[in-house]
Amino acid sequence: MAAIELDGVEKSFGDVRALRGVDLEVEDGEIFGFLGPNGAGKSTTINVLLDFIRPDAGSVRVLGRDARDDSVAVRERTGVLPEGFDVYDRLTAREHVQFAIDSKGADDDPYPLLEQVGLEDAAGRKAGGFSTGMRQRLALAMALVGDPELLVLDEPSSGLDPNGARELREIVESEAADGTTVFFSSHILGQVEAVCDRVGIIRGGELVAVDTIEGLRENVGGGSTLVVEVDSVPEEATHRLKSLDGVSEATADGTTLRITCEDDVKMDAVSELETLGADVSDFSTEEAPLEDLFAAYTGVDE
Amino acid sequence: MSWQAVAEKDFRDAIRSRLLIVLTLLFTLFSAGAAYLVTEIDPPQQAALTGEVTTVLLISGLVSATAVFIPIVSIAVAYRSLAGERDSGSLKLLLSLPNSRLDVVLGKFVGRSGVVAVALFVGFAVGIVVTASLADAFSPLEYVVFVGISMLFAFVFIAITVGVSAFTSSTSRAAYGAFGLFVVFQFLWSSLAQGVAYAVNGFSFEGIEEGDAVFELFQLLTILDPTAAYQQGTLWVVRSLDESGELAANNSELAFYLQDWFGFIVMALWIVIPLAVGYARFESSDL
């Protein structure tokens, strides 16, 4: 069974077509990263899953149920970290989690959940004084109430420091190890790469790719960069390299040349350099930076 | 059903904001002050005639004051209930949990009603002591009944305000909307009722007599105002307690909507309809 199924989902806000026929299937038990630049439709998609907004067309099923008609049943089995939320300033962290427990009809104890997200020392403090990161953690603790089958996290690492982001990743991984499906959005590929089984990339309201990270690399092609150390860079070297078939980019920095090319022309590139009179002391291959990969799909240039 | 969880959270939140304490003080001052005013400074005319301030007279004096005071307090307590959570984004937290939108509207209504009910009850409990010491012939039962009906009236304005708050997407619009309705009920309704009668009668007041259809329409419209319904309902109960049913017997030949108990039906409708309208709009809108 698929945990999330979107079929031809469309949504417009006035003249803006936020979703233009999104089809997406997230398998039971997988960690799915949902990527896209800001404004691409990530939050709209998540809001449709939660029945915060209603699509103009298409069907949305979550945990096998209709996201609109059975929304409460869906949310009973789903933990959500929404985007752009606020806490109740005058209620303590413990009261927030207790409220989630009461709403879900669960029988959890708030304390272990607060401990899990690193808020054990703030359990009795009012959430109004919390930093953005602490609010994120608190909402995550509320999401974890009742051992949900599905976690939906909208930009979960926003406001978290690197340490918090690592803890978040650990929580996501340990939940997934128990069979929980995790669906989370991010506009930074680096954050999803480490944990995701698959990623989907959305751009301008359309899903442009759904694959594993490796799969995405292969599809983009010319994904690797050859790094060559020489004694000195011959004149015209970058120009000559670029004119080779299969080389898309060549740059020189001091005595280092970076050549973006297809795998089977690497040796040609090296011998071309030697022909030009350079003494190659070392060479290695780097995988394309994730940012480039992301940019290739979203068309966002840095 | 998780409306209880929403109501409990809301009530807790209100206690933390010291809203409850402020409201209780307000109601205490009001009930004591109004009782003093009615008995000592500006007694009803009848009391001036008989020289005796009875509980019934006292209450009829109080009702015109509570009819203004209670709506204002109720609006202040409830206008932010849903629109405020929408503005801040905490509504997303609320609806991420398995609360239906109906749970949210009902929970808010119950939670805010609880806050006002506690404040009103405590405030008027203090008021009863003042009243007992001032009124010449004090009857606790009538006073308690008066407090009960006033509480119902508070629920009416909380329902109207929660309904408006669910209907709009911003707190300022919720405040204007709820306060606007209050002004309509308090000051404009009778003119509107007259206007309707005037229009139905062919744009003139000529020939309208007690007992004819246009006059009856006017009477019906008048009583549909929740504020009028509250005053009428209170007086009906207090009078019938006082005069052991004499008036009720006289009234039984009148049309149903002129029966004094009809005020309670009107109040019940003013609880159900605004909540239903607010919910319907809230349910069908995107967050």
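All values reported here derive from a predicted model rather than from experimental measurement. (Residues numbered from 1 in each chain as written. Chains lettered and ligands numbered in written order. Predicted model: local features only at pLDDT ≥ 70, side-chain atom pairs only at ≥ 80, totals over all residues.)

**Quick look at the packing of helix 4 (residues 55-78) of chain B against helix 7 (residues 101-134) of chain B**
Residue and element names in this part refer to chain B.
Step number 1: It is the contact of helix 4 with helix 7, at a shortest axis distance of 12 Å, that shows an interaxial angle of 150°. By the angle between their directions, the pair helix 4 and helix 7 is classed as roughly antiparallel. Once helix 4 is placed against helix 7, the crossing between them reads as right-handed. Between helix 4 and helix 7, the residues in contact are Leu58, Val73, Ser74, Val77 and Ala78 and Arg112, Val115, Val116 and Thr131, respectively.
Step number 2: Split into classes, the residues belonging to the contact of helix 4 with helix 7 amount to six nonpolar, two polar and one charged. (Axes fitted to C-alpha atoms, helices over the stretch in contact; angles between N-to-C directions. Helix = DSSP H or I, 4+ residues; strand = E, 2+ residues; numbered from the N terminus. Parallel < 35°, antiparallel > 145°, perpendicular 65-115°, else oblique. Left-handed = near helix turned anticlockwise from the far one by under 90°. Contact = placed C-beta atoms within 7 Å. Nonpolar A, V, L, I, M, F, W, Y, C, P; charged D, E, K, R; others polar.)

**Brief notes about unusual backbone geometry**
Residues and elements named next belong to chain A.
Step number 1: Phi is positive for leucine 63, which is not a glycine, with a value near 50°.
Step number 2: When you line up the elements, leucine 63 lands in the loop between strand 4 (57-62) and strand 5 (65-66).
Step number 3: Of the residues examined, leucine 63 has 22 C-beta atoms within 10 Å and is grouped as buried. (Buried ≥ 20, exposed ≤ 12 C-beta atoms within 10 Å, placed from the backbone.)

**Comments concerning the domain arrangement of chain A**
Step number 1: Taken domain by domain, chain A comprises domain 1 (2-218) and domain 2 (220-298).
Step number 2: A separation of 40 Å is found between the C-alpha centroids of domain 1 of chain A and domain 2 of chain A. (Domains from an automatic or database assignment.)

**Quick look at the nonpolar core**
Step number 1: Ranked by internal contacts, the top residues of the largest apolar core, which has 147 residues, are Ala141 of chain A together with Ile158 and Ala159 of chain B.
Step number 2: In terms of residues, this core owes the most to one element, helix 8 (residues 140-167) of chain B, which gives 16 residues.
Step number 3: When residues of this core are assigned to domains, at least three map to each of domain 1 (2-218) and domain 2 (220-298) of chain A.
Step number 4: Beyond its immediate chain neighbours, meaning those up to four positions away, alanine 141 of chain A contacts Val97, Leu113, Leu114, Gln116, Val117 and Leu119 of chain A. (Core = buried A, V, L, I, M, F, W, Y, C linked by C-beta atoms within 7 Å.)

**Details of the sheet that holds strand 4 of chain A**
All names here are of chain A.
Step number 1: The strand order 2-1-4-5 describes an open sheet built from four strands, whose pairing is antiparallel. Each having just a single partner strand, strand 2 (16-27) and strand 5 make up the two edges of the open sheet.
Step number 2: Note that strand 1 (residues 2-13) and strand 4 share five bridges and pair antiparallel. Paired with isoleucine 4 across the bridge in strand 4 is valine 62. (Pairing = 2+ DSSP bridges.)

**A short note on the sheet that holds strand 7 (residues 150-154) of chain A**
All names here are of chain A.
Step number 1: Spatial ordering of the open sheet is given by 6-7-8-3-9-10, a layout of six strands whose pairing is mixed. The sheet terminates laterally at strand 6 (78-81) and strand 10 (206-211), the two strands that pair on one side only. Within the sheet, the average angular offset between the axes of one strand and its neighbour, ignoring direction, is 15°.
Step number 2: Bridge count between strand 3 (residues 31-35) and strand 9 (residues 198-203): four bridges; the pairing is parallel. Each residue of the ladder has a partner; that of glycine 33, found in strand 9, is valine 199.

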